[in-house]
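# Inside the fold
What follows is each chain in one-letter form.
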Amino acid sequence: MTTTIKGAAAQKRLTVALDDVSFSYGESSFRFNAEFAAGRITAIMGPSGSGKSTLLNLIAGFETPDTGKVLIGGIDVGDTPPSARPVSMVFQENNLFAHLSVEANVWLGRSPSLKLGDADRIAVAEALARVGLAGKEKRLPRELSGGERQRVALARVLLRDRPVLLLDEPFASLGPALREDMLDLVAGIHVERKMTILFVTHQPEDARRIGQDVAFLDEGMIAATGPADDFFDRSGPDAFRRYIGDQGGTVAGSQHIARKRT
Ligand SMILES: Nc1ncnc2c1ncn2[C@@H]1O[C@H](COP(=O)(O)OP(=O)(O)OP(=O)(O)O)[C@@H](O)[C@H]1O
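Cut-off values and rules
Residues numbered from 1 in each chain as written. Predicted model: local features only at pLDDT ≥ 70, side-chain atom pairs only at ≥ 80, totals over all residues. Heavy atoms only, no water. UniProt positions renumbered as here; feature names shortened; annotations may be inferred. Buried < 20%, exposed > 50% of the residue type's maximum accessible area, 1.4 Å probe, protein only. Helix = DSSP H or I, 4+ residues; strand = E, 2+ residues; numbered from the N terminus. Core = buried A, V, L, I, M, F, W, Y, C linked by side-chain atoms within 4.5 Å. Domains from an automatic or database assignment. Salt bridge = Lys/Arg side-chain N within 4 Å of Asp/Glu carboxyl O. Near = heavy atom within 4 Å. Polar contact = N/O pair within 3.5 Å; in protein donor to acceptor, adjacent residues only side chain to side chain. Areas by Shrake-Rupley, 256 points an atom, 1.4 Å probe, with all protein chains shown as cover.

Per an unreviewed UniProt entry, the recorded name for the protein chain is Thiamine ABC transporter ATP-binding protein, and the organism is Mesorhizobium argentiipisi. Database annotation for the protein chain, UniProt heading Sequence similarities (unreviewed entry): "Belongs to the ABC transporter superfamily."

Spelled out as structure tokens, the structure:
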């Protein structure tokens, strides 16, 4: 199989929609109606427990709606298992199999078979080079830093090459400078692949850095959506401003936050 680092499947831009989706965990109930535009980066924000991870898990297929539909590219994926959905997901941690090499962990994005041919090894090496990990193919996850492990997870996303990418606070445990590097890497991959990215974060500066749109969740519902620029000036929804804290002229000092998105 030949692989190109440019990707193919991800060039197909797909909308992600939740059509009157309801779901509950015991007393926590959720109702989601939303459409996330194809090929854009949406920052998913909201208080702890508002349902951000639940929203992503419903889209990925790790949870099943009680009622309503999840549509990806207009197709109801209700009967499609997570592995067959056109989706990749990266979590805050535990994205990698501890007993497998970096190379094998990346290759799992493409195939469950761990038998790699020469062309496969080249594809993995290309993906690792793209995320700044050239030459680390044979390491085990424990021989990497936290940031490097998340880079391996992003290399796997490159090989998986799906048009939708769900990021559940993937860089929350990294320091600010490293977080910026990782966000810039995601933004760079987005420029190349144009995936539809939903990115959960509690950090306004992270949302501001790469988010084109914002969806604000509150008490199990999507309380507001819109362009990030609207959220980060005074015209943003009140509940959102209360959540991130209004520090004067602009929200959360966002005038100081470099907007790195390309
Ligand atoms: N597997 C589960 N079983 C039972 N309740 C759960 C489960 N997962 C989440 N919940 C509950 O559902 C609610 C929403 O959780 P969720 O993880 O989606 O919130 P979140 O907005 O991502 O929060 P955080 O910002 O803290 O990560 C919470 O009250 C949580 O306790």
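Okay, back to it.
For the rest of this paragraph, the subject is helix α1 (residues 52-60). Because an α-helix completes one turn every 3.6 residues, residues spaced three or four positions apart along the sequence face the same direction. Most of α1 is tucked away, with eight of its nine residues classed as buried. Residues K52, T54, L55, L56, N57, L58, I59 and A60 constitute the buried set of α1. One or two residues past the end of α1 sits G61, with phi positive at roughly 95°.

Grouped together as the largest cluster of nonpolar side chains are 35 residues, with contacts concentrated most on V106 and I197. Elements supplying a minimum of two residues to this core: α2 (102-107), α3 (118-130), α4 (146-160), β7 (164-168), α5 (176-193) and β8 (196-200). Broken down by element, the residue count for this core peaks at seven residues, all from α4. Built from parts of two domains, this core gets at least three residues from each of domain 1 (9-86 + 162-256) and domain 2 (97-161).

Right, let's get into the pattern of salt bridges. In the structure shown here, the tally under the stated rule is 13 salt bridges. Measuring nitrogen to oxygen at the nearest pair gives 3.2 Å for the salt bridge that ties R208 to D229. Linking R208 in helix α6 (residues 204-210) with D229 in helix α7 (residues 228-231), this pair joins segments that are 21 residues apart in sequence. Taking the relative accessible area as the measure of exposure, R208 reaches 14% and is therefore buried. Relative accessible area serves as the criterion here: at 41%, D229 is assigned to the partly exposed category.

With that settled, consider the site of the ligand. In the vicinity of the ligand lie 13 residues, with S48, G49, K52, T54 and H202 positioned nearest. Within the side chain of K52, one N or O atom sits 2.7 Å away from an oxygen atom of the ligand. Contacts to the ligand include H202, whose side-chain N or O atom sits 2.7 Å from an oxygen atom. When the free accessible area of the ligand is taken as 640 Å², the share hidden by the protein chains comes to 59%. Those elements that provide at least two residues to the shell around the ligand are β2 (28-36) and α1. Counting residues per element, the shell around the ligand draws most heavily on α1, at three residues.

Tracing the backbone through its elements, the reader meets N94 in the loop between β6 (87-90) and α2. C-alpha separation for the pair N94 and Q150, spaced 56 residues apart in sequence, amounts to 9.4 Å.

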